[in-house]
2 protein chains.
Amino acid sequence: MQIDTIMQQSAQAFDIYKQVKPAERAAFLETIAAEIEKQREILAETAGKETNLPAARLNGEITRTTNQLKLFAELIKEGSWVDAVIDTARPDNTPPRPDIRRMLLPVGPVVVFGASNFPFAFSTAGGDTASVLAAGATVVIKGHPAHPRTSLLVFTAMQKAIAAAGMPEHTVQHVADVALGKELVLHPLTTGVGFTGSLQGGKALMGYATERESPIPVFAEMSSINPVVFFPDALQTQAPQLAQTFAASITLGMGQFCTNPGLLIAIQSEALENFLHLLGTAIAASTPQKMLHSGIQQAYVKGRANMLAQEAVTLVSETAAPAGEEAWPALARSTGAEFLKNHALKEELFGPYSLVVTCKDKAELMAVLKSLKGQLTTTVVGTETDTAQWQDVIALQATLAGRIILNQPPTGVEVCAAMVHGGPFPATSDQRFTSVGTSAIKRWVRPVCFQNFPDHLLPDALKKDNPQGIWRTVDNQLTK
Amino acid sequence: MQIDTIMQQSAQAFDIYKQVKPAERAAFLETIAAEIEKQREILAETAGKETNLPAARLNGEITRTTNQLKLFAELIKEGSWVDAVIDTARPDNTPPRPDIRRMLLPVGPVVVFGASNFPFAFSTAGGDTASVLAAGATVVIKGHPAHPRTSLLVFTAMQKAIAAAGMPEHTVQHVADVALGKELVLHPLTTGVGFTGSLQGGKALMGYATERESPIPVFAEMSSINPVVFFPDALQTQAPQLAQTFAASITLGMGQFCTNPGLLIAIQSEALENFLHLLGTAIAASTPQKMLHSGIQQAYVKGRANMLAQEAVTLVSETAAPAGEEAWPALARSTGAEFLKNHALKEELFGPYSLVVTCKDKAELMAVLKSLKGQLTTTVVGTETDTAQWQDVIALQATLAGRIILNQPPTGVEVCAAMVHGGPFPATSDQRFTSVGTSAIKRWVRPVCFQNFPDHLLPDALKKDNPQGIWRTVDNQLTK
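Residues numbered from 1 in each chain as written. Chains lettered and ligands numbered in written order. Predicted model: local features only at pLDDT ≥ 70, side-chain atom pairs only at ≥ 80, totals over all residues. Heavy atoms only, no water.

In the annotation of an unreviewed UniProt entry, chain A is listed under the name Aldehyde dehydrogenase family protein and assigned to Chitinophaga oryziterrae.

A. A look at the overall build of chain A. Each helix and strand in chain A was counted, giving 15 helices and 17 strands. Computed over its C-alpha atoms, the radius of gyration of chain A comes to 24 Å, within 12% of the 23 Å expected for a compact globule of 480 residues. Its C-alpha atoms give chain A principal-axis dimensions of roughly 75 × 55 × 40 Å. Every one of the 480 residues in chain A was classed for burial, and the buried ones make up 61%. Summed over all atoms, the accessible surface of chain A reaches about 17500 Å², with 54% contributed by carbon and sulfur. Of the charged side chains in chain A, 39 are positive and 44 negative, and the gap between their average positions amounts to 3 Å. (Helix = DSSP H or I, 4+ residues; strand = E, 2+ residues; numbered from the N terminus. Rg over C-alpha atoms; globule rule 2.2 N^0.38 Å. Buried < 20%, exposed > 50% of the residue type's maximum accessible area, 1.4 Å probe, protein only. Areas by Shrake-Rupley, 256 points an atom, 1.4 Å probe, with all protein chains shown as cover. Lys, Arg positive; Asp, Glu negative; His and termini not counted. Charge placed at Lys NZ, Arg CZ, Asp CG, Glu CD.)

B. Structural detail: the UniProt feature "domain: Aldehyde dehydrogenase" (unreviewed entry) in chain A. Following the UniProt record, the feature "domain: Aldehyde dehydrogenase" (unreviewed entry) maps to residues 2-415 of chain A here. As annotated, residues 2-415 of chain A comprises 47% helix and 17% strand, and the C-alpha atoms at either end are separated by 36 Å. (UniProt positions renumbered as here; feature names shortened; annotations may be inferred.)

C. Just the packing of aromatic side chains, in detail. Enumeration according to the criterion identifies 18 aromatic pairs over all chains in this entry. Consider the rings of B:Phe118 and B:Phe122, whose centres lie 6.3 Å apart with planes at 70°: the pair is edge-to-face. The pair B:Phe118 / B:Phe122 is uniform in exposure class, with both members buried. Residues B:Phe118 and B:Phe257 carry aromatic rings whose centres are separated by 5.7 Å and whose planes lie at 55° to one another, so their mutual orientation is tilted. Highlighted residues: B:Phe118 in the loop between strand E3 (110-113) and helix H5 (127-135) and B:Phe257 in the loop between helix H9 (232-251) and strand E9 (263-267), separated in sequence by 139 residues. B:Phe257 shares its class with B:Phe118; the two are buried. In this structure, A:Arg57 packs its charged tip against the face of A:Phe118, placed 4.9 Å from the ring centre. The ring of B:Phe339 is capped by B:Lys346, whose NZ or CZ atom sits 5.1 Å from the centre of that ring. (Phe/Tyr/Trp six-rings, centres within 6.5 Å; stacked < 30°, edge-to-face > 60°. Lys NZ or Arg CZ within 6 Å of the ring centre and 35° of its normal.)

D. Quick peek at the domain arrangement of chain A. All names here are of chain A. By the assigned domains, chain A splits into domain 1 (1-222 + 428-479) and domain 2 (227-406). Relative placement of domain 1 and domain 2: their C-alpha centres are 35 Å apart. Taken together, the contact pairs 13 residues of domain 1 with 11 residues of domain 2. Counting the surface domain 1 buries against domain 2, the share from its top three residues, Asn52, Asn117 and Glu221, is 41%. The tally of links from domain 1 across to domain 2 stands at zero salt bridges. (Domains from an automatic or database assignment. Contact = heavy atoms within 4.5 Å. Buried area = accessible area lost by both parts, 1.4 Å probe. Salt bridge = Lys/Arg side-chain N within 4 Å of Asp/Glu carboxyl O.)

E. Quick peek at the confidence of the model for chain A. Confidence in the prediction of chain A, expressed as mean pLDDT, is 96, and 100% of residues score 70 or more. Among the scores for the predicted complex, ipTM is 0.97 and pTM is 0.97. (pLDDT = per-residue confidence, 0-100.)

F. Looking closely at the pairing of strand E11 (residues 330-335) of chain B. Residues and elements named next belong to chain B. By the bridge criterion, four bridges tie strand E10 (residues 314-318) to E11 in an arrangement that is antiparallel. By the bridge assignment, Thr314 is partnered in E11 with Arg333. With six bridges connecting them, E11 and strand E12 (residues 353-359) associate as parallel partners. Paired with Arg333 across the two strands is Val356, which belongs to E12. (Pairing = 2+ DSSP bridges.)

G. Examining the pattern of salt bridges more closely. Applying the stated criterion across every chain yields a total of 44 salt bridges over all chains. Note that A:Asp460 is salt-bridged to A:Lys21, the shortest N-O span being 3.2 Å. A residue pair is termed long-range when its members are at least 10 positions apart, and A:Asp460 in the loop between strand E15 (445-451) and strand E16 (472-474) and A:Lys21 in the loop between helix H1 (3-17) and helix H2 (22-38) qualify at 439 residues. Residue classification places A:Asp460 among the partly exposed positions, given a relative accessible area of 23%. The exposure class of A:Lys21 is partly exposed, given its relative accessible area of 44%. Here B:Lys373 and B:Glu347 are joined by a salt bridge, their closest N and O atoms 3.3 Å apart. Note that B:Lys373 is positioned in the loop between helix H13 (362-370) and strand E13 (375-381) and B:Glu347 in the loop between helix H12 (336-341) and E12, a separation of 26 residues in sequence. Classification of B:Lys373 by relative accessible area gives partly exposed; the value is 32%. For B:Glu347, a relative accessible area of 32% translates into the label partly exposed. Among the ionic contacts, a cluster of salt bridges with common partners joins A:Asp430, A:Arg432, B:Asp430 and B:Arg432.

H. Spatial organisation of the interface of chain B and chain A. Between chain B and chain A, the residue contacts involve 60 residues of the former and 60 residues of the latter. Interface of chain B and chain A: buried area, both sides summed, is about 5400 Å²; carbon and sulfur atoms make up 58% of it. Of all residues in chain B, the largest losses of buried area upon contact with chain A belong to B:Arg432, B:Arg446 and B:Gln451, amounting jointly to 13% of the total for that side. Summed over the shared surface of chain B and chain A, the result is two salt bridges.

I. Region of the structure containing helix H4 (residues 55-78) of chain A. Residue and element names in this part refer to chain A. The terminal C-alpha atoms of H4 lie 34 Å apart, and with 24 residues this matches the ideal 34 Å at 1.5 Å per residue to within 8%. The elements touched by buried residues of H4 are H2, helix H3 (40-51) and helix H5 (127-135). Of the residues trailing H4, Gly79 is marked for its positive phi of about 90°. (Expected span 1.5 Å × (residues − 1).)

J. Up close: the side chain of A:Ser224. All names here are of chain A. Looking at where Ser224 falls in the secondary structure, it is placed in the loop between strand E7 (218-221) and strand E8 (227-230). Within the local environment of Ser224, its side chain forms a polar contact with the side chain of Asn226, the two groups lying 2.8 Å apart. Discounting chain neighbours no more than four positions away, the residues touching Ser224 are Cys258, Glu348, Gln375, Leu376 and Thr377. (Polar contact = N/O pair within 3.5 Å; in protein donor to acceptor, adjacent residues only side chain to side chain.)

K. Local environment of the packing of H4(A) against H5(A). Residues and elements named next belong to chain A. At their nearest, the axes of H4 and H5 sit 9 Å apart, and the two run at 20° to each other. One finds that H4 runs roughly parallel with respect to H5. For the crossing formed where H4 meets H5, the hand is right-handed. In this structure, H4 contributes Gln68, Leu69, Phe72 and Ile76 to the contact, and H5 contributes Gly127, Ala130, Ser131 and Ala134. Residue classes in the contact of H4 with H5 are distributed as five nonpolar, three polar and no charged. (Axes fitted to C-alpha atoms, helices over the stretch in contact; angles between N-to-C directions. Parallel < 35°, antiparallel > 145°, perpendicular 65-115°, else oblique. Left-handed = near helix turned anticlockwise from the far one by under 90°. Nonpolar A, V, L, I, M, F, W, Y, C, P; charged D, E, K, R; others polar.)

L. Broad picture of the sheet that holds strand E7 (residues 218-221) of chain B. Residues and elements named next belong to chain B. In space, the five strands of this open sheet follow the order E5-E4-E3-E6-E7, with parallel pairing throughout. The two strands at the open ends of the sheet, each matched to only one other strand, are strand E5 (172-175) and E7. Between one strand and the next, the sheet's axes are offset by a mean angle of 15°, whatever the strand orientation. The pairing of strand E4 (residues 139-142) with E5 spans four bridges and is classified as parallel. When the sheet's bridge partners are listed, Ile141 is paired in E5 with His174.

Shown next as C-alpha cells:
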C-alpha cells in the first residue's frame, strides 16, 4: 500500500480519534493489553524464535508492555496530565485581560519505529505507541525487520482491540517494509516520530525531519555508554558485592539494553585492582548466549575486536569461547590519559562489553567525565564517606545524563511517573523529553489556548465547573 | 571578543548560577526590572529614535518587560514549576522498585536573539531572556541591529542588577555584531536558542542547530498571517463595530505585530460587502506612520506592491499617500479559488496589510483553511447562531494555531500562565512550546531523575519533607 494512502487514512482516523473521550480511550488501551494477554503464549514463542531471547525474559516483557498500556490508561482516566491552565478575565486591567484557557491536545499522526532489543515493550504496542494513543494521536508503526512475525501478531491483537473498542479502523496501522521508513517521516501529514535504535538510524531520521517543508520533532533514543563511577571507599569496603552486581548488569540480556554499563571509571588503587579481579572473574563465569540476531552479533564481534585492537586497551577477562553461535561477554581496560586521546573508546558497543578506565587522580577523572557525550544514565558507586567527599564529581555526573543512580546498576528501567529515559544528544535527540514513563506522552501533544470562549464551546477539561474533576491551575492556583 | 571566550564564560557562570536558590534568582529578576525602571526615560527616548515607535507604546512595552520579569520571579518563588515527581521505593514489587525522583533543571548557556519589533519585551531583557534566567540558565544576547543603543542600555541595566544581586559576572552577556549569530549557535557549549523574527532568519538558525555535532533545540517564532474567519450572522448584525475593531487591529503599531490579522476569510454575501466597505473606510482613515526602520519599510512597500500585482488581487482601500516617509496601511481582496491556486497569497507581509478572501461556499472556506500553514493565532468572529452552525469550521481552525480567539482581535498577547504564543511550523519551529507566558520557561529545562539517592544528597525540591512547600506528584498523587 502506498505511504500516501496510509498517512491519509491516519489523518482521517485522527480527526475522529482525537475526539474520543478519555474514559473510552483508556478502555481502548486496556483492551489492547487484554488482546495481547490473550496471545501471550504464541507471542512469546514467536518472539523467542525471532530474537533468541529466553522465554522468561519475553514473558516479563509482555507483562511490562501490558502494564505500560494500563499505566497510560490510568493517566488519561485521571486526566490532569492535559495541564489545564485557566486565567479568568480581568476586565478592569489596563488593557483588559480576556479569559484565556490552555490545555494539551494531540498533534496528529505519529510514526513509531519498533526497536530490535525490545520486541514488545519498545516495539509495535510498546511505550512509544502507548504514549501516542494515550495522547489521542494516531500511529503508523514501522515494524522492526528482526522480528516481523512478532510485530504482525501484536498488530493483529491491536486490530482486534480497535474493533472491540469501536475505534476508527486506521487509528493504528502497520508497515513492514524497511525502505518505507524514510517516506513515512517525509510525508506532510506526519507530525511526529518515535524511534529507539542506533545513532546512525536516529540521525538519519532527524535529517529527514529537518529536510521536510514543515520540520517535525523526532524523539530518537540512540546511544549511551552509561558511565559508572566507582569511588574509593566503596571499592575498599564492598568489592565482592559490587563485582557480582555489575557483572550481572553488564551481561544481563547479553548487554542488549540501552542502559548497559559500558564504561566503568575509577581512580587507580589497589582496591580497584582487587575489584577488577573479582569483576573479571564474575564476567568470565557468565554464560554466553546468542544475541538478538546475526547482524547484531556480527556487529558486536567486529566492534569488540576493534575496541581490543585500540592502543593501550587490554582485555581484563572474557568468558570461555562458546561452542556454538553465542557471543562472548568481555571486560577491557585502559587509562584516563588514553581515553582522553582516543574518541573511539567513547562510542557505544552494543553487547556484553564494558571498558574500565583507570584515572591517575581526581582531575583526570573529571576530565574523562567532561569528555563524554550525552548519556541516558550515569551511576555513582560510593559510601556515605565517598558521597560526602566527591560532591563535585557527582554534580558533574548529573549534568551528563537524564538519570543519575546511586549504588544500583543502570539496567532495569522502571516504568513510572518519575522515570526519565532521556538525556543530552546523542543519548536522545531532545533531552527535554523521555520515552519511558508517563511523561512520554508530552512528546505528542501541543498546548492550545482558547481565548474568550463561552463555556459550552470549550473542551471539558477547560469548562468552568471542571466536569472531569482534574487538577487545574486557575488564576495561578492549583485546584480541583 | 571571541565567541569561544564568551561561551566559556557563560558555561562557567552557569555552573554557579544554576545553584543559586530560587528566592535569590527571583530577587535578581526583580532587580533587573528595577534597574530597567530607573532608566525608563532614557530607554524610551533612545528606543524612540531607533525604532520610530511612539513614546506611549514604548513606555507600555517597558512596563510589559518589567512585569514579565516580575511574573517569572513569582513563578520561581512559588517553585512548583519544576514539576517534581516522586515515586517512592516499593521493595516488595517484582522486580523491586527503587526510589525515583525527577525535577526540571536548566540545560546550560542559551543564546537569545533580540527582535526588531519589540525593542524591550522581546529583546535584550525580554521574554526569552527572562525565561532563561528564571530557569537557572545563563544567556548570551545577540542584540538586534535595528536598535543597538537601546539594547546596550538595557544590557548595562542588567549588568548593574548582576552586581547588585551578587550573581556571576557572565550570567548575562551581550554581543552586537550580526555576523556572530551563526557562530553563537554553532558553539559546542550553546545548549538552546531563542529567536523571534523572520522565517528566513529562523530557518537559518534551525539549520545551524542541526549542522552541529550535537544538535540543540531552537525555539524560533517566525511567520504567521493569523487568519480571521467572519461568519454570516456576525457580519449581518455587527458590521460597524467589527470594522472598527479589525481596522484598529490591522493598523495597530503599523501592523508590526506577529499576531497582526493578515488574512480575513468569509463566504461571499451582501453583508460581507457592506462590512468590507466599512472596514476599508476605517483603514483609509487611519494615520500612516513610519515603520520600525527603513529596511522593514522598504520590504513592506515592495511586498505590498508584489501582493497587489498578483492575479485577481485588488485593492479595497488604503490611506491617502503620506507626505513623508510613512508607510500606507492597505486592504486587498481576492477569491477563495485564487487563494487556493496562488501560494504567494499565503505568505506573511509584515506591516499594516490584510488580504480578504471571499469564498463561494463553506466547502471552499474549509479548503482555504486547510491550505494554510501553521499559525500563531486564528480568530472566529461569530454570534451564538454562528458558533452553533459552524462548529466544524471552528474545530478546523483550532488545528491551525497555538491560540484560537473568539470575537476579539488577535493583536494583544496577554503575558500570563495560560498564554500560548506558539503554533505549528512555520509559526514556530516547535509547536510544543510557547515564547510568551510562564510556560516559556519549559524551553530551557530538562527533566533529571535521581534514583536511590538519600535525602541529604537530593535537591531541595525532591527532599522528603518538601522544604520549599511546592506542589509535587508523590506516588501519582498531587500534594504539598
